[in-house]
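Commentary on secondary and tertiary structure
Listed below, chain by chain, are the residues.
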Amino acid sequence: MSGHYTGHGSMAAHKAHLADNEPDCAQCAAYVEAWRDAHGWGPLDLRPCGTSAALRRHERNGEPIDEACRKARARIKQDYEAVRPPRDRSAERRRRSEWRAAA
Ligand SMILES: [Zn+2]
Ligand SMILES: [Zn+2]
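Throughout this document, residue positions are counted from 1 along each chain, in the order its sequence is written. Think of it this way: whatever chain is written first is A, whatever ligand is written first is 1, and the rest follow in order. Per-residue local features of the predicted model are confined to residues with pLDDT of at least 70, and side-chain atom pairs are confined, for both listing and counting, to 80 or more; whole-chain, interface and lining totals are unaffected and use all residues.

**Describing the overall build of the chain**
- The way it works is that DSSP assigns letters per residue, a run of H or I at least four long becomes a helix, a run of E at least two long becomes a strand, and they are numbered from the N terminus. Per the secondary structure count, the chain includes five helices and zero strands.
- Going from the N terminus to the C terminus, the chain shows its helices and strands as α-α-α-α-α.
- The long-range fraction of contacts in the chain, counting pairs at least 24 apart against all pairs at least 6 apart in sequence, stands at 6%. A residue pair is marked as a contact if its C-beta atoms, positioned from the backbone, fall within 7 Å.

Laid out in structure tokens, this is it:
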């Protein structure tokens, strides 16, 4: 544990664990479980294969992606591409030149 943050048992500490790629400590795990219950998420690790939660779980644990989750990944990608607005490169360029001007 890296120990550069304090206040375990909070969302901030939970995110710090994630950022450091380490498992939650007991306090943070209990906090997250309570948070998920309160928000109607249910235990994330029990989501069935073929959901984005299961897919993320495989990726996080370095597990092989099974058939159901492979299909889910393709579906999620399609959905994402369907709703993603076309990239507006002129706006991007304008923003970048504004950053340069501000620097
Ligand atoms: Zn913790
Ligand atoms: Zn799966």
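Following the structure, the description resumes.
**Digging into the packing of helix α3 (residues 52-61) against helix α4 (residues 67-83)**
- Angular values range over 0 to 180 degrees, each being the angle between N-to-C directions of two axes fitted as lines to C-alpha atoms, with helices fitted over their stretch in contact. Two numbers describe how α3 lies on α4: the axes approach to 9 Å, and their chain directions differ by 115°. On the basis of the axis angle, α3 is roughly perpendicular to α4. The handedness of the crossing between α3 and α4 comes out as left-handed. Of the residues in α4, those touching α3 at Ser-52, Ala-54, Leu-55 and His-58 are Cys-69, Ala-72, Arg-73 and Ile-76.
- Side-chain classes follow a simple rule in which Ala, Val, Leu, Ile, Met, Phe, Trp, Tyr, Cys and Pro form the nonpolar group, Asp, Glu, Lys and Arg form the charged group, and the remainder, Gly included, forms the polar group. Here the contact of α3 with α4 is composed, by residue class, of five nonpolar, two polar and one charged. Should an angle fall under 35 degrees it is called roughly parallel, over 145 degrees roughly antiparallel, and 65 to 115 degrees roughly perpendicular, with every other angle called oblique. Two helices that cross are described as forming a left-handed crossing if the nearer one is turned anticlockwise from the farther one by less than a right angle, and a right-handed crossing if clockwise.

**Section: the confidence of the model for the chain**
- Counting all residues, the mean pLDDT for the chain is 80, and 81% of those residues have values of 70 or more.
- Of all the helices and strands in the chain, helix α5 (residues 89-102) carries the lowest mean pLDDT, 74, while helix α1 (residues 11-19) carries the highest, 92. By definition, pLDDT measures how confident the predictor is in each residue, and it falls between 0 and 100.

**Details of α4**
- By this rule the span expected of a helix is its residue count minus one, scaled by 1.5 Å. For α4, which comprises 17 residues, the first-to-last C-alpha distance of 25 Å matches the rise-based estimate of 24 Å (1.5 Å per residue) to within 8%.
- Buried residues are scarce in α4, accounting for one of its 17 residues. Any residue surrounded by 20 or more other C-beta atoms within 10 Å of its C-beta is treated as buried, while 12 or fewer makes it exposed and the intermediate range makes it partly exposed; C-beta atoms here are placed from the backbone.

**With respect to unusual backbone geometry**
- Notably, Asn-21 is not glycine yet its phi reads approximately 60°, a positive angle.
- If you trace the backbone, Asn-21 turns up in the loop between α1 and α2 (26-38).

**Focus on the environment of Asn-21**
- Note on Asn-21: 8 C-beta atoms within 10 Å, which makes it exposed.
- Spatially, the C-alpha atom of Asn-21 lies 9.3 Å from that of Arg-60, the residues being 39 residues apart in sequence.

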